[in-house]
Amino acid sequence: IGSICVMFALWMLLQLLLLLYPSCRRGVISSPTDDSAARSGRGDHGEPGHEETHQDSYSTFASEFFESRYLTDEGYPFPTAPPVDPFAKIKVSDCGITKGCFRYGKPGCDAETCDYFLSYRRIGADVEFELSADTDGWVAVGFSSDKKMGGDDVMACVHDDNGRVRIHHFYNVGQWAKEIKRNPARDEEGIFENNRVTCRFKRPVYVPREETLVDLHLSWYYLFAWGPAIQDAGSITRHDIDSPPVSDHMISIYNYEDVFMPSAAYQTFSSPFCLLLIVALTFYLLMGTP
């Protein structure tokens, strides 16, 4: 009897396995969770349910939106433009303290009212320059071994026809400026506002020895100039005044000075000779002729 029971149990187990095997292959057997998920994702006739259709539509929309908004025609992401900071105004209160300054124009003028303004200060291995002039063209500073134009290293800020102010490097050949492709300027920024060209840039103190570049750790006469520009070409023309101002002594970047030079209109009345002449004429007019 025991053997019969064992054989009967084995037979029943075999029948059960035969019933389950085809169903397992068709994937009919699944957990209750899987079965409910399948019902929620498909309709009565095996078609995709509302949730799955929504997910597919959203994915397609998101991918197409990303491609149209953030990809170029070649499929590469567009570069993100860095934030543009407004041009920081030049501080004249620092002149003679943390930077050297030269002002040319009306007595008491500043970086926004002088005919010409220049500042310089050392920042690590660089010298930072700030230039501004009452012009719609260009403003420049030249580094010279004498007080005459010719054979000078020149940095100029040029206002172009697109309204931008760019830094150019020139070399004075005689009385005209030749642009040099090798430009030592970096961290440049500029603005054209209120009919003034204003710029700021850095330049290394030490540079490899070259005719068109000078080492700023040495002292040089500074040539100050400004004038109109050929804006379509981004080049400069002759300066505004026949005799641009020049520093009366060699300038060292290690010595912060605050120098004011009156423009021609104010030099006339500040000259001792002219003052003496005015006094003499006044006395003559008061006394009358004999």
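Residues numbered from 1 in each chain as written. Predicted model: local features only at pLDDT ≥ 70, side-chain atom pairs only at ≥ 80, totals over all residues. Heavy atoms only, no water.

For the protein, an unreviewed UniProt entry supplies the name Ferric chelate reductase 1 like and the organism Lepisosteus oculatus.

Chemist: Help me out: how do you make sense of the environment of Lys147 in this one?
Modeler: Here Lys147 shows up in the loop between strand S4 (138-144) and strand S5 (153-159). Residue classification places Lys147 among the partly exposed residues on the basis of a relative accessible area of 43%. Counting along the chain gives 74 residues from Lys147 to Tyr221, while the straight-line C-alpha distance between them is 6.3 Å. The contact partners of Lys147, leaving out residues within four places of it in the chain, are Tyr221, Leu223, Val246, Ser247 and Asp248. A polar atom in the side chain of Lys147 sits 3.3 Å from the backbone oxygen of Asp248. (Helix = DSSP H or I, 4+ residues; strand = E, 2+ residues; numbered from the N terminus. Buried < 20%, exposed > 50% of the residue type's maximum accessible area, 1.4 Å probe, protein only. Contact = heavy atoms within 4.5 Å. Polar contact = N/O pair within 3.5 Å; in protein donor to acceptor, adjacent residues only side chain to side chain.)

Chemist: What is the right way to read the pairing of strand S8 (residues 186-193) from this model?
Modeler: The two faces of the sheet receive side chains in turn, since in a regular strand these alternate between them. Where S8 lies against strand S9 (residues 196-204), six bridges are found, and the strand directions are antiparallel. Bridged to Arg186 within S9 is Lys202. Between the end of S8 and the start of S9, which pair antiparallel, lie two residues, with Asn194 showing a positive phi angle near 55°. (Pairing = 2+ DSSP bridges.)

Chemist: Could you clarify how one ought to interpret the sheet that holds strand S6 (residues 165-173) in this entry?
Modeler: Backbone-to-backbone hydrogen bonds join strands into a sheet, with any given pair of strands oriented parallel or antiparallel. The antiparallel open sheet is built from five strands, whose spatial order is S7-S6-S5-S4-S10. Edge strands, defined here as strands with exactly one partner in the open sheet, are strand S7 (176-179) and strand S10 (221-227). The sheet shows a mean angle of 30° between the axes of neighbouring strands, direction not considered. Pairing analysis gives seven bridges linking S5 to S6, with the strands arranged antiparallel. Bridged to Ala156 within S6 is His168. (Axes fitted to C-alpha atoms, helices over the stretch in contact; angles between N-to-C directions.)

Chemist: Would you explain the environment of Ile191 in this entry?
Modeler: Inspection of the secondary structure assignment puts Ile191 in strand S8. For the pair Ile191 and Cys157, spaced 34 residues apart in sequence, the C-alpha to C-alpha distance is 9.6 Å.

Chemist: What's the story with the sheet that holds strand S3 (residues 126-133) in this structure? I'm lost.
Modeler: One open sheet holds the six strands; their spatial order is S8-S9-S3-S2-S1-S13, and the pairing between them is mixed. The open sheet terminates on both sides in strands that have one partner only, identified here as S8 and strand S13 (258-262). The mean angle between the axes of side-by-side strands here comes to 10°, regardless of whether they run parallel or antiparallel.

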